[in-house]
Amino acid sequence: AATPSVTVIGLGPMGRAMVGAFLDAGHRVTVWNRTAAKADDLVARGAERAATVEEALAANELVVLSLTDYDALYAILGPATAALPGRVLVNLSSDTPARAREAAEWAARHGAVHLTGGVQVPPSGIGNPESSTFYSGPEDVFEAHRPTLEVLTGADYRGADPGLAALFYQLQMDIFWTTMTSFVHATAVARRNGISAEEFLPYASSTAASVPGFLAFYAPRLDARRYEGDVDNLAMGLASVEHILHTTEDAGVDTTLPATVRDFMRRAVERGRAGESFISLVEEFAPSAA
Ligand code: NDP
């Protein structure tokens, strides 16, 4: 069918948005959630409520899971493994690459196929084709279900290794949380100086908007392990971060964040990298084999 039916297990904010998107696109949807009442309004919109997990699994080949983490997956599917053979589990719960690989093996032992997903948008982005979700797992299975999954968001297939979708997701989150934390930190310094977040906002945004240009400049150098200090060097970077640290201190704001960056730079300088670009920090984080 052009609009195959689908099961959704897990009706948190994400799962609920997914059910809504499937219903809007004309798919029949069977739902199950530990707290059954969360299905009530979705049933009123046309979803079918499964009385048990087994019933939810039996209803459709394609089973989308939207749970807090992989522990919830085992808690829910562990007692229902008899209903797993032949199912395609699209696991849109976030966790580590290792956990995703382990779940793929677990599913295979029970006759099911596991596709890993990493959704890159909040619930409000579900149903928008411009949103993106990483997927990994067997390519033929993914491609067979791609049109249905693209009802939720755009799909970015990363490869057969089940860990890849989780890995790319965590790489994005690494940037997201450190960047957002630095924004909140800078806002704290601004606040202690009587400057509101709204007043600071255009400047914060303009710095953030300049980041892609720097990434594009440095990425090929990182891959080539070329750390020459022709446009920046760590001696200058260290001095700059020390100014941030002292500004933070003077404002009576917690210094842990800039001090951590300072410590990395200082360590690299002590190892003789003062004349190299700050991107040589990659060798502090993950030293190349000698
Ligand atoms: P929630 O944490 O709100 O999802 C909770 C769902 O997991 C509920 O259905 C809950 O059941 C179920 N659950 C949790 N633990 C158990 C358990 N031990 N046994 C049975 N069911 C359990 O998350 P969201 O809906 O916000 O997100 C779902 C996933 O999507 C998460 O992995 C999240 O990291 C990821 N994600 C979320 C984004 C967001 O903006 N919200 C953005 C991108 C990804 P019950 O209702 O009974 O508690």
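Residues numbered from 1 in each chain as written. Predicted model: local features only at pLDDT ≥ 70, side-chain atom pairs only at ≥ 80, totals over all residues. Heavy atoms only, no water.

1. Some details on unusual backbone geometry
(1) Moving on: Its identity as a non-glycine residue notwithstanding, Arg-225 has a phi of 50°, on the positive side.
(2) Moving on: For Arg-225, a relative accessible area of 52% gives the class exposed. (Buried < 20%, exposed > 50% of the residue type's maximum accessible area, 1.4 Å probe, protein only.)

2. A word on the layout of surface pockets
Once rolled over the atoms, a probe with the size of a water molecule shows which space is left empty.
(1) Moving on: Within this model, the largest pocket holds a volume of roughly 2,500 Å³.
(2) Moving on: Lining of the largest pocket is provided by 47 residues; of these, Thr-178, Thr-179, Ser-182, Val-211 and Phe-278 occupy positions nearest its centre.
(3) Moving on: Listed by contribution, the elements that provide at least two residues to the lining of the largest pocket are helix H7 (163-192), helix H8 (197-223), helix H9 (234-250), helix H10 (256-273) and helix H11 (282-285).
(4) Moving on: Per element, the largest residue contribution to the lining of the largest pocket is 14 residues, and it comes from H8.
(5) Moving on: Considered class by class, the residues forming the lining of the largest pocket number 30 nonpolar, 14 polar and three charged.
(6) Moving on: A volume near 560 Å³ is recorded for the second largest pocket.
(7) Moving on: If you go around the second largest pocket, you meet 27 residues; those closest to its centre are Gly-10, Gly-12, Ser-66, Leu-67 and Thr-68.
(8) Moving on: When residues of the lining of the second largest pocket are traced back to their parent elements, those giving at least two are helix H1 (13-24), helix H4 (70-77) and strand E6 (113-119).
(9) Moving on: Residues belonging to the lining of the second largest pocket are distributed by class as follows: 14 nonpolar, eleven polar and two charged. (1 Å grid on protein atoms, 1.4 Å probe; cavity = no way out; pocket = protein on both sides within 12 Å on 5 of 7 lines; lining within 4 Å. Points joined across faces, edges and corners; volume = space filled by probe spheres on them. Helix = DSSP H or I, 4+ residues; strand = E, 2+ residues; numbered from the N terminus. Nonpolar A, V, L, I, M, F, W, Y, C, P; charged D, E, K, R; others polar.)

3. Focus: the nonpolar core
(1) Moving on: Counting 31 residues, the largest nonpolar core has Val-19, Val-64 and Val-90 as the members making the most contacts within it.
(2) Moving on: Looking at this core, the elements with two or more residues in it are strand E1 (6-9), H1, strand E2 (29-32), strand E4 (62-65), strand E5 (88-91), E6, helix H6 (139-149) and strand E8 (153-159).
(3) Moving on: Looking at which element gives the most residues to this core, the answer is H1, with six residues.
(4) Moving on: Of all hydrophobic cores here, the second largest spans 20 residues; its members include Trp-32, Ala-56, Ile-76 and Leu-84. (Core = buried A, V, L, I, M, F, W, Y, C linked by side-chain atoms within 4.5 Å.)

4. So, the domain arrangement of the protein chain
(1) Moving on: Domain boundaries in the protein chain define domain 1 (6-160) and domain 2 (193-285).
(2) Moving on: Between the C-alpha centres of domain 1 and domain 2 the distance comes to 40 Å. (Domains from an automatic or database assignment.)

5. Section: the packing of H4 against helix H5 (residues 97-109)
(1) Moving on: Taken N-terminus to C-terminus, the directions of H4 and H5 make an angle of 20°; their axes are 11 Å apart at the nearest point. Taken together, the axis directions place H4 and H5 in an arrangement best described as roughly parallel. The two elements H4 and H5 cross, and the hand of that crossing is left-handed. For the pair H4 and H5, contact is made by Tyr-70, Asp-71, Tyr-74 and Leu-77 and by Arg-99, Ala-100, Glu-102, Ala-103 and Trp-106, respectively.
(2) Moving on: The residue inventory of the contact of H4 with H5, partitioned by class, reads six nonpolar, no polar and three charged. (Axes fitted to C-alpha atoms, helices over the stretch in contact; angles between N-to-C directions. Parallel < 35°, antiparallel > 145°, perpendicular 65-115°, else oblique. Left-handed = near helix turned anticlockwise from the far one by under 90°. Contact = heavy atoms within 4.5 Å.)

6. So, the side chain of Ser-131
(1) Moving on: Note on placement: Ser-131 falls in strand E7 (residues 128-136).
(2) Moving on: What makes Ser-131 buried here is its relative accessible area of 7%.
(3) Moving on: Filtering out sequence-adjacent residues up to four positions away, Ser-131 remains in contact with Val-121, Gly-125, Thr-153 and Gly-154.

7. Re the sheet that holds E8
(1) Moving on: Ordered by their spatial adjacency, eight strands build an open sheet running E3-E2-E1-E4-E5-E6-E7-E8, and the pairing between neighbours is mixed. Whereas interior strands pair on both sides, the edge strands pair on one side only; in this sheet they are strand E3 (48-49) and E8.
(2) Moving on: By the bridge criterion, three bridges tie E1 to E4 in an arrangement that is parallel. Opposite Ile-9, over in E4, you have Leu-65 as the bridge partner.
(3) Moving on: Where H4 meets the sheet, it contacts E1, E2, E4, E5 and E6, and its direction lies at approximately 150° from that of E5. (Pairing = 2+ DSSP bridges.)

8. Side note on the site of the ligand
(1) Moving on: Contacts to the ligand come from 22 residues, most closely from Asn-33, Thr-35, Lys-38, Thr-68 and Ser-94.
(2) Moving on: Contact distances for the ligand include 2.8 Å between an oxygen atom and a side-chain N or O atom of Thr-68.
(3) Moving on: Here the ligand occupies the second largest pocket.
(4) Moving on: Every element with two or more residues in the shell around the ligand is listed here: H1 and H4.
(5) Moving on: Among the residues forming the shell around the ligand, the class breakdown is twelve nonpolar, eight polar and two charged. (Near = heavy atom within 4 Å. Polar contact = N/O pair within 3.5 Å; in protein donor to acceptor, adjacent residues only side chain to side chain. Sits in = over half its atoms within 2 Å of the grid points.)

9. A word on empty space enclosed by the protein
(1) Moving on: Enumeration according to the criterion identifies one cavity of 30 Å³ or more in this entry.
(2) Moving on: Quantified by volume, the largest cavity comes out at close to 40 Å³.
(3) Moving on: As for the largest cavity, its lining consists of Tyr-70, Ser-93, Ser-94, Asp-95, Thr-96, Ala-100, Thr-116, Gly-117, Gly-118, Ala-166 and Tyr-169.
(4) Moving on: For the lining of the largest cavity, the secondary structure elements donating two or more residues are E6 and H7.
(5) Moving on: No other element matches the three residues that E6 contributes to the lining of the largest cavity.
(6) Moving on: Here the lining of the largest cavity is composed, by residue class, of four nonpolar, six polar and one charged.

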